[in-house]
Amino acid sequence: MSSRPEVTMAQRKRQLVSSELTEAALHLLALKGFDAVTIDEIVTTAGVSRRTFFRYFASKEDVVVQFLADMGTGMRAELAARPVGERPSVALRHAVRVPIAACADHSDRALRVVQLILGTPALLARFLERQAQWRDELTAELARRLGLDPDTDLYPRLAAGMALTAFDAVLHRWSGSDGAEDPAELTDRAFAVIAPALDAVER
């Protein structure tokens, strides 16, 4: 017998409505631009009421913020799951490839949303806030893996920052090429550049 809790009908309905709202909002925002889209347009496209929208999101911005939260989910877990003794550059490259793979799996939508984020100052600011949270999580995990103190050793935060800078560079290059370049290949190339610094850690 499975010990996992069953998903109730109400939970499935909430997930379905949330997904439909997210899809409608991201499609419109990417198509028309952040400022040009109204909540009324989003709810009409999704086939729900304004009241329903505000049950799930406080604003248009929150839809994109949730996309960003989902984008970074799994980076720390992937880093923690990498083999003990693996070079930091390899472990961090695999961690960063989690959101890159998510982009590749939904390339058309993800590309437009990334372009929207990078081109909208308010959304870019939220993106940078989210990256700061990811950096803290990767810093803590790196310190744990390497037996370092994240408060006194410089390496974990510097290494996490370099990995996310590489991630940021990949997104900008992918976005700028309008999806013509392969984000996974770009990630490998970016980490080839920073690998010597990442692997220079003293333990």
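Look up a bit, the structure's there.
Residues numbered from 1 in each chain as written. Predicted model: local features only at pLDDT ≥ 70, side-chain atom pairs only at ≥ 80, totals over all residues. Heavy atoms only, no water.

## A few points about the packing of aromatic side chains
Within this structure, the stated rule accounts for four aromatic pairs. An angle of 90° between the planes, with centres 5.3 Å apart, marks the rings of phenylalanine 53 and phenylalanine 54 as edge-to-face. Ring centres 5.8 Å apart and planes at 45° place the aromatic pair phenylalanine 53 and phenylalanine 57 in the tilted group. One aromatic cluster is present, formed by Phe53, Phe54 and Phe57 through successive ring pairs. The residue whose ring lies beneath lysine 60 is phenylalanine 34, and the NZ or CZ to ring-centre distance is 4.5 Å. (Phe/Tyr/Trp six-rings, centres within 6.5 Å; stacked < 30°, edge-to-face > 60°. Lys NZ or Arg CZ within 6 Å of the ring centre and 35° of its normal.)

## A few points about the pattern of salt bridges
The final tally for this structure, using the stated rule, is 15 salt bridges. With a shortest N-O distance of 2.9 Å, aspartate 40 and arginine 50 are connected by a salt bridge. With aspartate 40 in helix α2 (residues 39-46) and arginine 50 in helix α3 (residues 50-56), this pair connects stretches of sequence that are ten residues apart. Residue arginine 50 is classed as partly exposed on the basis of its relative accessible area, which comes to 41%. Between arginine 97 and aspartate 188 there is a salt bridge, with its nearest N and O atoms 3.2 Å apart. Residue arginine 97 is found in helix α6 (residues 88-105), and its partner aspartate 188 is found in helix α10 (residues 183-198); the two are separated by 91 residues along the sequence. (Salt bridge = Lys/Arg side-chain N within 4 Å of Asp/Glu carboxyl O. Helix = DSSP H or I, 4+ residues; strand = E, 2+ residues; numbered from the N terminus. Buried < 20%, exposed > 50% of the residue type's maximum accessible area, 1.4 Å probe, protein only.)

## Comments concerning the nonpolar core
Met71, Phe127, Phe167 and Leu171 are the most contacted members of the largest nonpolar core, which totals 58 residues. In terms of residue count, helix α9 (residues 155-176) provides more of this core than any other element does, ten residues in total. The contact partners of leucine 171, leaving out residues within four places of it in the chain, are Met71, Ile100, Cys103, Val114, Leu118 and Phe127. (Core = buried A, V, L, I, M, F, W, Y, C linked by side-chain atoms within 4.5 Å. Contact = heavy atoms within 4.5 Å.)

## Some points on the environment of tryptophan 174
Checked against the element boundaries, tryptophan 174 lands in helix α9. Relative accessible area serves as the criterion here: at 3%, tryptophan 174 is assigned to the buried category. Taking the C-alpha atoms as reference, tryptophan 174 lies 18 Å from leucine 123; in sequence the two are 51 residues apart. Ignoring anything within four residues of it in the chain, the contact list for tryptophan 174 reads Cys103, Ser107, Ala110, Leu111, Val114, Gly179, Glu181, Pro183 and Leu186.

Bear in mind that shape data such as this cannot, by itself, settle questions of function.
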